[in-house]
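Below, each chain spelled out in residue letters.
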Amino acid sequence: MGEFALGQTVPRFEDPRLLRGGGRYVDDMVLPRMAFGHVLRSPHAHARVLSIDTAAAKTSPGVLAVLTGADWEASGWGDLPTAAGNKRRDGSPAYRPRYPALVNNRVRWVGDYVAFVVAESASQAMDAAELISIEYEPLPAIVSTADALAPGAPRVWDDAPDNVSFVYLEGDKTATDAAFAGAAHVVRYKFVINRVTAATMEPRGCIGDYNRAADHYTIYTTLQRTHAYRSELARQILKIAESKVRVIAGDIGGSFGMKSAIYPEVTLVLLGSKLTGRPVKWTSTRSEAFLADAQARDNITEAELALDREGHFLGLRVRTIAAVGAYPQAGSNAFVANLGTLAGVYRTPAVFADVTAIYTNTNPMRAYRGNGRPEAAYVIERMVDLAAAELGIDPVELRRRNTIPPEAMPFKSGLTFTYDCGEFEKGLDMALELADFAGFEERRSEARGRGKLRGFGISNTIERAAAGGFEAAEVRFDRTGTVTLLSGSITQGQGHETVYKQLLCDRLGIHPDQVHYVQGDTDKVAIGEGTGGSRSAALGGSAVHLATEKIVTKATAIAASILGASPEEIRFDDGFFSTPNSNRTLTIGEIASESLNPENLPEGADLGLIAGATFSCKEQNFPNGCHICELEIDAETGEVEILSYSVVDDVGTVMNPLLLEGQICGGIAQGVGQVLMEDIRFDPASGQLQTGSFMDYAMPRAGDLSAIHCDSNPVPTETNPLGVKGAGEAGNVGALPAVANALADALSPLGIRHIEMPATPERLWRAIRGVGNGPLPPG
C-alpha cells in the first residue's frame, strides 16, 4: 500500500465525514428523556455569599432541580482534583484550597460557580436561574499578576496571606551566580507575557447519565485522556470503583490542553442526573467559555543573560511570577516541567529559574498549546536578540557562536534536559536560505521608501515531547479480514486516525478502508494514557507499531502451519505470506479468517488474529526548529503585515508531511495571535472581564498571516522505534519569539528595543509616536 505508506502525503481520512456533517460532537448527542443544565455564575470577582433563595426558581416552569453549594456538600462527593506537589519558599507544602463544584459562602472570580439548574429545556433552565435571589457582600479583588505580591494586596484566600501558591526552583544557582560574577557583559530585561484563552472551535460540553438500577455513571464529554479522567472522577470525586464509571468522548473540536481537566460542570450533570433520574446535558456558550474556561500564559519574567567578551553565553538567570488563578486546577502547575526550554539550543553552561506561582481573582490557569515551552522559548530568544543589539553582534552570528554542535550529542543542557540528537545550526542555515536572508536589507530599504518599517525575526527553539508516559493500541482482525484499531490516544483534530491507519497499511499491506478506528471510550479501549505534550506520534504510534509486529509474528506462525513450512521460511511482503517451497500465497485477510479455525493453528496458539501492545518511554524526545518571520509595520497607523514566514523543523521521522505542515501552521497561527492581538484583560477596579467576546478578544484570521513555507530537517531519535519526535506544539513554541523578534527588528531604527504582547496597532503607534513624529531614519 505504497500510496498510504508511512511518510506519504495522505489527506486525513476523518475529513470527508466531518465535512459532510457526520461529526458527533457532544452537543450532537441526544439521549432519551434528556434534561438540560445551566450554571449560575458569580457577577463579582470577590464577594461573600450572604444568602441564596432558590424558592422561585424551583417553581419555575420545567425546572427539575436547583443545586447550590449546600447540595454539593450534602452529596458527600469529593472536590475537584487540584495541582499536587510543589512547596512554598520556606519548604512548607504548596497552598491547595478546596475546589468544590459549587461554592458555599464565597466567590473568587467573575464566573465562579454559584448554582446549577436542571430543567426540561436549556432556555427554561436559564430563565429559572434568573429567579435565584443572591445577596453578596463585595470584597476587594486582585486580578493583576504583577501586583498580587505587593504588600497590602487583597487576599484571594485567607490562609494564603501573600497570595503565593508555590515556589519552584530549578537549576544550579551557585554555578549560575558564579557565571554572572565573572561575566564581561550582563543583559537584563523584564517581559510581560500576556494572558490568553484557548477559544476552541467547539466549546466545552458534557452529558451525565446515572443508571440507578446498575448504580453506574456514564459521562460524555470533551477531554484529552479518557482513562486518567475516569480514574480521577471515580476515585477522587464520586468515591466509587472505576468499573462503575464509563467515560465517552465523541469528536472533539480542539482542546490545546484546556479541556483536559475535570471541570465542575462534569460533576454537576452527573449529580443532576442522579437526583432527577434523567440524563442531563450542559453546553457552554461562547460568552460562558470566556468566563469559565481555564486560561493560560500570564507571567512576568525578569531575565538576565551573562556573556564573555566574545559573546559566548555563560549563564542565564530567570525570575518569574506566574498566575494560577483563583483555584489550583489540576495541571495548573505543569508548566514548570518545561522550564528546560529556557536553555534553548545553546551551550549556556549554567541556568537557574525561580518561579513564584500566585493566586488572583481570575479564571483558573492550565496547559495551553506548549504549556510553558512557548513562554520559555520567548524569553531565551528575545534575550539573544537583545544581547546581540547591546553587544553590536549580528543576531545570526551570536546564535552560531553559542549553538550546540551535532557532534556534542548527547548534550546535557544548562537546565534539566539532555538532548539526544539534533542539527541546530543546519536547521538555521536552511531557514535563512528559505527566507532569502541575503536579500533582506535590500527589501528593508525599499520598504523604508514606502513609509514602512520592515523587520526580520529569527527563533531557533527546542522543546521536550512525549515526556515519561505510555500509550496502548490493539489490532483486531475479524473473519472477513477487516480490522478494528483501538487506540488510547484521543484526537481533537490532529489526525491520529490517519497516521495510525498509515502505520497499519505500511506494515500489514491493507487498505485504509479496511480499518475501523475506535478511540475515546473506556468500555471499548482497555487501557491508554491519552493525548497531551506532543506524545501521540511517539507513544501512540509506537504502540500501534508494536501491535502490528505482534500481528505479523502470529500470522507468520499460522501461515507456516497452513503452508507446511517453518516460520523462518515464511516471507511477508505487502500483505502476502509466501514460502519458497510452495507457489501458494495467503493474504493477511485469509490468515485472519483461518485464525479462527483451531485445526490451522500452531500448537498452543490462541484463536483469532488479535494483538495489543503498550509502549512506555522514560526518555523524552526533543523536537526543534528554526522559524523566521518577515513583516512590515505601517509607521503611520501601527498596522502589521506579515509578509513571509519560513520554518524548518526537526520532528524526527516525518510520518505524514501534510499533517505535519497542518500542525506546524496551526501552532504558528496561535503564536501570531498572542503576539499581535489576543489578550485577556480584567478591569483592575472591579475584576470584570473586559475581553469577554470576539468583539473584544481579537482572533487571528487568514488575512493576518502570509503563506507559511515549511521544510524539514529530520534527525530521527532513538527513544522510540519509529524515530519520531513530537510536532503538535512546535509551531507555537517557535512563533512567539520569531514574530516578537521581527517586530523589534522593524522598530530598531527608531531605537525601540522591545514591544510587549500583544503588539496591537495602537500599542505600536504609541511606541512610534513616543520617539517622535519625524521622517523615518535613512537606510
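What you see is a predicted model, and the numbers here were worked out from it, not measured in a lab.

Peer 1: What is the right way to look at empty space enclosed by the protein in this model?
Peer 2: One way to see where empty space is left: roll a probe the size of a water molecule over the atoms. Within the structure shown, the criterion is met by seven cavities of 30 Å³ or more. The volume enclosed by the largest cavity comes to roughly 270 Å³. Lining the largest cavity we find 24 residues, and of these N299, A322, F335, G372 and E375 sit closest to its centre. Secondary structure elements with two or more residues in the lining of the largest cavity: β13 (295-307), β14 (313-325) and α9 (373-391). Considering only residue class, the lining of the largest cavity consists of 14 nonpolar, seven polar and three charged.

Peer 1: Before we go on, may I ask you to explain the side chain of R366 in this structure?
Peer 2: With respect to the helices, strands and loops of the structure, R366 is situated in the loop between β15 (350-359) and α9. Buried charge without a salt bridge: R366, with E232 as the nearest opposite-charge side chain at an N-O distance of 8.1 Å. Residues in contact with R366, not counting those within four places in the same chain, are G257, M258, S260, A261, Y263, A294, Q295, A296, Q329, A330, G331 and S332.

Peer 1: Sorry, what's going on with the sheet that holds strand β6 (residues 133-138) here?
Peer 2: Spatial ordering of the open sheet is given by β4-β2-β6, a layout of three strands whose pairing is antiparallel. Since the sheet does not close on itself, it has two edges, and those belong to β4 (106-107) and β6, each with one partner. Where strand β2 (residues 47-53) and β6 come together, six bridges link them in antiparallel fashion. The partner of V49 across the bridge, within β6, is Y136.

Peer 1: Help me understand the pattern of salt bridges in this model?
Peer 2: Any two side chains of opposite charge can pair if their charged atoms end up close together. All chains considered together, the criterion is met by 50 salt bridges. A salt bridge links R89 to D354, with the nearest nitrogen and oxygen atoms 3.0 Å apart. Here R89, found in the loop between α3 (69-75) and β4, pairs with D354, found in strand β15; they are 265 residues apart in sequence, far enough to count as distant. You can call D354 buried: its relative accessible area is 7%. Three or more residues joined by partner-sharing salt bridges are found here, namely D436, R443, E446, R450, R454, E630 and E632.

Here is what the cut-offs are and how they apply
Residues numbered from 1 in each chain as written. Predicted model: local features only at pLDDT ≥ 70, side-chain atom pairs only at ≥ 80, totals over all residues. Heavy atoms only, no water. 1 Å grid on protein atoms, 1.4 Å probe; cavity = no way out; pocket = protein on both sides within 12 Å on 5 of 7 lines; lining within 4 Å. Points joined across faces, edges and corners; volume = space filled by probe spheres on them. Helix = DSSP H or I, 4+ residues; strand = E, 2+ residues; numbered from the N terminus. Nonpolar A, V, L, I, M, F, W, Y, C, P; charged D, E, K, R; others polar. Buried < 20%, exposed > 50% of the residue type's maximum accessible area, 1.4 Å probe, protein only. Lys, Arg positive; Asp, Glu negative; His and termini not counted. Salt bridge = Lys/Arg side-chain N within 4 Å of Asp/Glu carboxyl O. Contact = heavy atoms within 4.5 Å. Pairing = 2+ DSSP bridges.

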